[in-house]
Amino acid sequence: MSITIKSGAEIDAMRVAGRLASEVLDYITPFVKPGVSTEELDRLCHDYMVNVQGTIPAPLNYAPGGHNPYPKSICTSINQQVCHGIPSDRVLKDGDIVNLDITVIKDGWHGDTSRMFICGNGSIAAKRLCAFTYDAMWKGIAKVKPGARLGDIGHTIQTFAESNGFSVVREFCGHGIGLKFHEEPQVLHYGRPGTLEELKEGMIFTIEPMINAGKKEIKSLGDGWTIVTKDRSLSAQWEHTVLVTATGYEVLTLSAGSPPPPDFILAQQAAQA
């Protein structure tokens, strides 16, 4: 399957879908606290998507080859869960970290983003992991421009994570996105600079590094979806959907409540202004 280059109208539609996905996270943020179940977070997000936004929750009944249909509308991955955690009656406790992964469909177009949340009083180690993973995502985003290569993104994320004592999950990656949930290209979060596909204006894909506090090895739980760290160390993930522009990049999954970019991104933007 080839990489699709989006037209101006298609990019506009992706901007809408991306903003709406981020606004789901804005909406749910006040509810993510000790004492709430992940099933309740799923219900709230589902109702907001369907009844307020008029969007479709893309994960619900999503069934790629070999998988049972995903049973919920969002993914909630707690502590050592790397990704695809299924919402349940599990109640969040003080100190838990949780990733909420949101994908909406608006007029056929997919917007995909995720954020980390720290419930109550997180440990210093948990806060550090979440902060460094956020920076790792943005380090990758900053490499996006026409003529760069996907390997540049992966190498930057891997180097930054490993130099700070973390490891990068290999088995899951970012992906092209548009009318389909998952399109080409695959966006690895490790690799060598100057390798893999060349970035071209109009490409849209996600950057979503999964960073572990311990070793990189993972395993799948019996539900067929939830992925956890093999050594039970904490794992964090952040995700944005990114457009390759004529001169660099545009993050499509930003909204009023999005966490601000790191200082090194703001400094870079100021230097280019």
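Note on numbering: residues in each chain are counted from 1, in written sequence order. Local features in this predicted model are restricted to residues whose pLDDT is 70 or higher, and side-chain atom pairs enter the listing and the counts only when it is 80 or higher, whereas totals over whole chains, interfaces and linings include all residues. In computing side-chain values, all of the structure's heavy atoms are included and hydrogens and water are not.

**Student:** Help me out: how do you make sense of the packing of aromatic side chains in this one?
**Tutor:** Each aromatic ring pair is specified by the distance between its two centres and by the angle formed by the two planes. Under the pairing criterion, centres of Phe, Tyr and Trp rings, with the six-membered ring standing for Trp, must be within 6.5 Å; the plane angle then separates stacked pairs below 30 degrees from edge-to-face pairs above 60, leaving the rest tilted. If you walk through the whole model with that rule in mind, you get 8 aromatic pairs. Note on F132 and F166: the rings are 5.7 Å apart at their centroids and 50° apart in plane angle, and the pair reads as tilted. Taken as a pair, F132 in helix 3 (residues 124-141) and F166 in the loop between helix 4 (150-163) and strand 6 (167-168) lie far apart in primary sequence, 34 residues in all. Ring-pair connections join several aromatic residues into one group, and the members of that group are Y27, F31 and Y48. Lying over the aromatic face of F264, K139 brings its terminal NZ or CZ to 4.3 Å of the ring centre. Helix and strand definitions here come from DSSP, where helices need a minimum of 4 consecutive H or I residues and strands a minimum of 2 consecutive E residues; each element is numbered from the N-terminal end. Placement of a positive charge over a ring is assigned whenever Lys NZ or Arg CZ falls within 6 Å of the ring centre and within 35 degrees of the normal to the ring plane.

**Student:** Can you help me understand the pattern of salt bridges in this one?
**Tutor:** One side-chain nitrogen of Lys or Arg within 4 Å of one carboxyl oxygen of Asp or Glu is enough to make a salt bridge. Throughout the structure, instances matching the rule amount to 11 salt bridges. Between K6 and E183 there is a salt bridge, and its shortest N-O distance comes to 2.9 Å. A residue pair is termed long-range when its members are at least 10 positions apart, and K6 in the segment before helix 1 (8-28) and E183 in strand 8 (residues 183-187) qualify at 177 residues. Judged on exposure class, the residue K6 and its partner E183 are both buried. Working definition: with a 1.4 Å probe on protein chains only, accessible area under 20% of the residue-type maximum means buried, over 50% means exposed, and in between means partly exposed.

**Student:** Help me understand the environment of G108 in this model?
**Tutor:** Here G108 is to be found in the loop between strand 4 (97-106) and strand 5 (109-118). Linking G108 and A17, residues 91 residues apart in sequence, is a C-alpha distance of 9.1 Å. Other than its neighbours up to four places away in sequence, G108 contacts G178 and L179. Residue contacts follow a heavy-atom distance rule, with two residues in contact if any of their heavy atoms lie within 4.5 Å.

Purely geometric stuff here, so don't read any function into it on its own.
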